[in-house]
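Spelled out, the chains give:
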Amino acid sequence: MTSCQSEIELLYEQAKRYFQGDGVPSYEKGVPLLKEAAELGHIKAQYNLGVLLHQGLGVPQSYEEAYRYFELAAMQGHARAQYLLGCYFAFGFWLPPSDEQAFHYFQLAADAGVADAQYDLGVCLLHGKGAVKSEEAAVRYFTLASEQGHVDAYYNLGVCYYQGLGVPVSEEQAIHYLELAVRGKQPKAATALEAVMMAAYKPKK
């Protein structure tokens, strides 16, 4: 690390200390340091400043400015920033919605291991939003997200196995994933699990 990089890292660490501040964040002191580090190219500072701007914490809320800092961090490979850019395009924060751009950024973040991105990419693939529809690929990404404990991925896998979307129909696997989703308090899982179990154990004529 060069002396310049060390100075930038010091700015970031000082900003973090103000934000932690014995349980009472001091945004007035921390934000200027964070912004300085971000403008000097510190990837975590860029991402965290974007979060503050998105939420309006210690700074006036600005989706436009948040997008700018998320983009700077994403260009340096920050996976969570890439995911949030995908959300910006998916939901139209500040800029017009674009399924194609959302898919692009979700895929970057998903391939870097972000569970939320893996789940959202699976949704895009399941419905053909921003890319060619592929139920098989959707299941693959839902599975990756589920391996990290993503409760909505559990639910979607349960539905996929029950309906045979991208995988052979398996009531056993559907019940397995829906039970995991119920344990994770996924809001639709209990109703879906009840329906699957009633169908699975319905007396055969």
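Going by the structure above, here's the rest.
Now for a description of the structure that goes with this document. (Residues numbered from 1 in each chain as written. Predicted model: local features only at pLDDT ≥ 70, side-chain atom pairs only at ≥ 80, totals over all residues. Heavy atoms only, no water.)

What to know about the packing of aromatic side chains
- Inspection of every chain in the model, using the stated rule, returns 14 aromatic pairs.
- Residues tyrosine 63 and tyrosine 88 carry aromatic rings whose centres are separated by 6.1 Å and whose planes lie at 85 degrees to one another, so their mutual orientation is edge-to-face. Highlighted residues: tyrosine 63 in helix α4 (residues 63–75) and tyrosine 88 in helix α5 (residues 79–91), separated in sequence by 25 residues.
- A residue is classified by how much of its surface remains accessible, and tyrosine 63, at 28% relative accessible area, is partly exposed.
- Taken together, the aromatic side chains of Tyr47, Tyr63, Tyr67, Phe70, Tyr88, Phe89, Phe91, Phe93, Trp94 and Tyr105 make up a single cluster linked through ring pairs. (Phe/Tyr/Trp six-rings, centres within 6.5 Å; stacked < 30°, edge-to-face > 60°. Helix = DSSP H or I, 4+ residues; strand = E, 2+ residues; numbered from the N terminus. Buried < 20%, exposed > 50% of the residue type's maximum accessible area, 1.4 Å probe, protein only.)

Some details on the environment of tyrosine 88
- Accessibility expressed as a relative area gives 1% for tyrosine 88, which makes it buried.
- Sequence-wise, tyrosine 88 and phenylalanine 70 are 18 residues apart; in three dimensions their C-alpha atoms are separated by 10.0 Å.
- Here tyrosine 88 is in contact with His54, Tyr63, Ala66, Tyr67, Phe70, Phe93 and Leu95, once residues within four sequence places are set aside. (Contact = heavy atoms within 4.5 Å.)

Focus: helix α3 (residues 43–55)
- Helix length check: α3 (13 residues) gives 19 Å between terminal C-alpha atoms against 18 Å at 1.5 Å per residue, within 8%.
- Within α3, burial applies to Ala45, Gln46, Tyr47, Leu49, Gly50, Leu52 and Leu53.
- Among the structural elements, α1 (3–20), α2 (27–39), α4 and α5 are those in contact with the buried residues of α3.
- Directly after α3, the chain includes glycine 56, whose backbone phi takes a positive value near 70 degrees. (Expected span 1.5 Å × (residues − 1).)

Considering the state of the cysteines
- Overall, the coordinates contain zero disulfides when judged by the stated rule.
- For cysteine 124, which is in no disulfide, the shortest distance to another cysteine sulfur is to cysteine 87 and amounts to 9.9 Å.
- Exposure remark for cysteine 124: the relative accessible area of 9% places this residue in the buried category. (Disulfide = S-S within 2.5 Å.)

Considering the nonpolar core
- By size, the foremost hydrophobic cluster in this structure holds 69 residues, and its most contacted members are Leu34, Phe70 and Tyr83.
- Ranked by residues supplied to this core, first place goes to α5 with eight residues.
- Those residues within four positions of phenylalanine 70 in sequence are excluded, and the remaining contacts are Tyr47, Gly50, Val51, His54, Ala81, Leu84, Leu85 and Tyr88. (Core = buried A, V, L, I, M, F, W, Y, C linked by side-chain atoms within 4.5 Å.)

Here's the deal with unusual backbone geometry
- Not every positive phi belongs to a glycine, and tryptophan 94 is a case in point at roughly 70 degrees.
- Along the polypeptide, tryptophan 94 turns up in the loop between α5 and α6 (99–111).
- The class for tryptophan 94 is partly exposed, based on a relative accessible area of 47%.
- Here the phi dihedral of lysine 185 falls at roughly 65 degrees; this positive angle occurs in a residue that is not glycine.
- Within the fold, lysine 185 resides in the loop between α10 (171–183) and α11 (189–200).

Thoughts on the packing of α2 against α3
- Relative to each other, α2 and α3 sit at 135 degrees, their axes nearing to 8 Å. It follows from the interaxial angle that α2 and α3 lie oblique. Handedness of the α2/α3 crossing: left-handed. Together, Tyr27, Val31, Leu34, Lys35, Ala37 and Ala38 of α2 and Ala45, Gln46, Asn48, Leu49 and Leu52 of α3 make up the contact between the two elements. (Axes fitted to C-alpha atoms, helices over the stretch in contact; angles between N-to-C directions. Parallel < 35°, antiparallel > 145°, perpendicular 65-115°, else oblique. Left-handed = near helix turned anticlockwise from the far one by under 90°.)

Remarks on α2
- Helix length check: α2 (13 residues) gives 17 Å between terminal C-alpha atoms against 18 Å at 1.5 Å per residue, within 8%.
- Among the residues making up α2, those that are buried are Gly30, Val31, Leu33, Leu34, Ala37 and Ala38.
- The secondary structure elements touched by the buried residues of α2 are α1, α3 and α4.
- Trailing α2 by a residue or two, glycine 41 shows a phi angle of about 100 degrees, which is positive.

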